[in-house]
Amino acid sequence: MTPITGSTVALVTPMHEDGSVDYPTLRKLIDWHIEQGTDCIGVVGTTGESPTVDVEEHQEIIRVSVEQTRKHTARHVPVMAGCGANSTAEAIELARYAKKVGADCQLQVVPYYNKPTQEGQYRHFKAIAEAVGDLPMVLYNVPGRTVGDMLHDTVLRCAQVPGIIGIKEATGNLERAQWLIRDVPKGFAVYSGDDPTAVALMLCGGQGNISVTANVAPRLMHELCVAAVAGDRRTAMDIQFKLMPLHKHLFVEANPIPVKWAMARLGLCGPTLRLPMTELADAHQAVVEQALKSAGLL
């Protein structure tokens, strides 16, 4: 697979007031993102509330997303299916399903809660790649969520495994990202998973951004990524300065609480989250609304 470049939206999972998945709105969001220039649709990740959907819902979100993107024949927009689990067997089953329904690649997070060693992480990803090697895998390192941290040498080991094609580096540590960009083999993609620092990572040679901000500003994030990947610092930073309040305040509470509130404010989907996620506190709503206005979205 040729590595994806540009803006991958870490798409929210819209829900009805009763908490059930709102598939019609999911389809509308995918249509909107494709129209707005989003380069890849990432589903059932952290922003998509993957910890709270059951296995059947997880699979159906992937299936519906692939089906909806395929309706757009003018250009192929790939689907990156979140298939991560802290059980290797479960991650394999999710990846096999994603492959069956036509996803373009899988996102596999460092196993959370059970705190595997570096060797355990390597064997986890290697086992998935060997079981579902023809569904390209993007690793996902987000130690703030998982507690486990995939270290530099472990990434390089994984990069040698056939089928593992890139990493979503979400630590926000730019020195660390630069070492990865310097040392990974040719064709192995390094993506940002941290909106505030994504522009810098791309200007250093990264291939794109897997973005929360793209949920509300897809056109701007696409344009930022195009400029940054091309090395057009001035254009990229002009857009970055406009988006900085969103990058900051969409994390004023745990993701995806603020972004779902922002999307509801823009009329894109309802505000419903599943417990233990709760609605955005009243004290934070004004600052998120101001960030939307700063970006010209309201």
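Provided above is the structure to which this section pertains.
Cut-offs and rules
Residues numbered from 1 in each chain as written. Predicted model: local features only at pLDDT ≥ 70, side-chain atom pairs only at ≥ 80, totals over all residues. Heavy atoms only, no water. Helix = DSSP H or I, 4+ residues; strand = E, 2+ residues; numbered from the N terminus. Rg over C-alpha atoms; globule rule 2.2 N^0.38 Å. Buried < 20%, exposed > 50% of the residue type's maximum accessible area, 1.4 Å probe, protein only. Areas by Shrake-Rupley, 256 points an atom, 1.4 Å probe, with all protein chains shown as cover. Lys, Arg positive; Asp, Glu negative; His and termini not counted. Charge placed at Lys NZ, Arg CZ, Asp CG, Glu CD. Expected span 1.5 Å × (residues − 1). Contact = heavy atoms within 4.5 Å. Phe/Tyr/Trp six-rings, centres within 6.5 Å; stacked < 30°, edge-to-face > 60°. Lys NZ or Arg CZ within 6 Å of the ring centre and 35° of its normal. Core = buried A, V, L, I, M, F, W, Y, C linked by side-chain atoms within 4.5 Å. Pairing = 2+ DSSP bridges. Right-handed = clockwise from strand over helix to strand, strands pointing away.

A.B. asks: Go over the overall build of the protein, please, and point to the residues and values.
C.D. replies: Within the protein one finds twelve helices and eight strands. Relative to its length of 298 residues, the protein is compact, with a C-alpha radius of gyration of 18 Å against a globular reference of 19 Å. For the protein, the spread of C-alpha atoms along the principal axes amounts to about 45 × 45 × 40 Å. In the protein, which comprises 298 residues, the proportion classed as buried is 53%. Carbon and sulfur atoms make up 52% of the accessible area of the protein, which totals about 12400 Å². Across the protein, the centroid of the 27 positively charged side chains sits 4 Å from that of the 32 negatively charged ones.

A.B. asks: Kindly report on helix α9 (residues 218–229), identifying the contributing residues and their values.
C.D. replies: Here α9 is twelve residues long and its end C-alpha atoms lie 16 Å apart, about the 16 Å a rise of 1.5 Å per residue gives. Every buried residue belonging to α9 is among Pro-218, Leu-220, Met-221, His-222, Leu-224, Cys-225, Ala-227 and Ala-228, and all of these are buried. At its buried positions, α9 is contacted by β1 (6–10), α1 (23–36), α8 (195–203), β8 (208–211) and α10 (233–249). Within two residues after α9, Gly-231 carries a phi angle of roughly 85 degrees, on the positive side.

A.B. asks: How would you sum up the packing of aromatic side chains? Please name residues and give values.
C.D. replies: One pass over the full model with this rule turns up zero aromatic pairs. Taking NZ or CZ as reference, Lys-168 lies 4.0 Å from the ring centre of Tyr-140, over its face.

A.B. asks: Please provide a residue-by-residue account of unusual backbone geometry, values included.
C.D. replies: In this model, Asn-255 is joined to Pro-256 through a cis peptide bond whose omega is 15 degrees. Following the sequence through the fold, Pro-256 ends up in the loop between α10 and α11 (257–265). Here the amide bond leading from Leu-275 into Pro-276 is cis, since omega sits at 10 degrees, within 30 degrees of zero. Inspection of the secondary structure assignment puts Pro-276 in the loop between α11 and α12 (282–294). Positive phi values are uncommon outside glycine, yet Lys-115 reaches one of about 55 degrees. The topology assignment puts Lys-115 in the loop between β4 (105–109) and α4 (118–131). Owing to a relative accessible area of 59%, Lys-115 belongs among the exposed residues under this scheme.

A.B. asks: Residues and numbers for the nonpolar core, please.
C.D. replies: Formed by 81 residues in total, the largest nonpolar core has its most connected members in Ile-62, Leu-139, Ile-164, Leu-243 and Leu-246. With sequence-adjacent residues up to four places away left out, Leu-246 is seen in contact with Thr-213, Val-216, Ala-217, Ala-291, Leu-292, Ala-295 and Leu-297. One finds Ile-4, Cys-105, Val-109 and Val-138 within the second-largest nonpolar core, a separate group that totals 15 residues.

A.B. asks: Got a sec to walk through the pairing of strand β6 (residues 164–169)? Specific residues and values, please.
C.D. replies: Among the six residues of β6, six are classified as buried, and the element is accordingly described as predominantly covered. Here five bridges tie strand β5 (residues 137–141) to β6, and the two strands are oriented parallel to one another. In the strand pairing of β6, Tyr-140 is matched with Lys-168. Handedness of the crossover is the feature at issue here: the chain leaves β6, passes through helix α7 (residues 174–183), returns alongside strand β7 (residues 189–192), and the resulting connection is right-handed.

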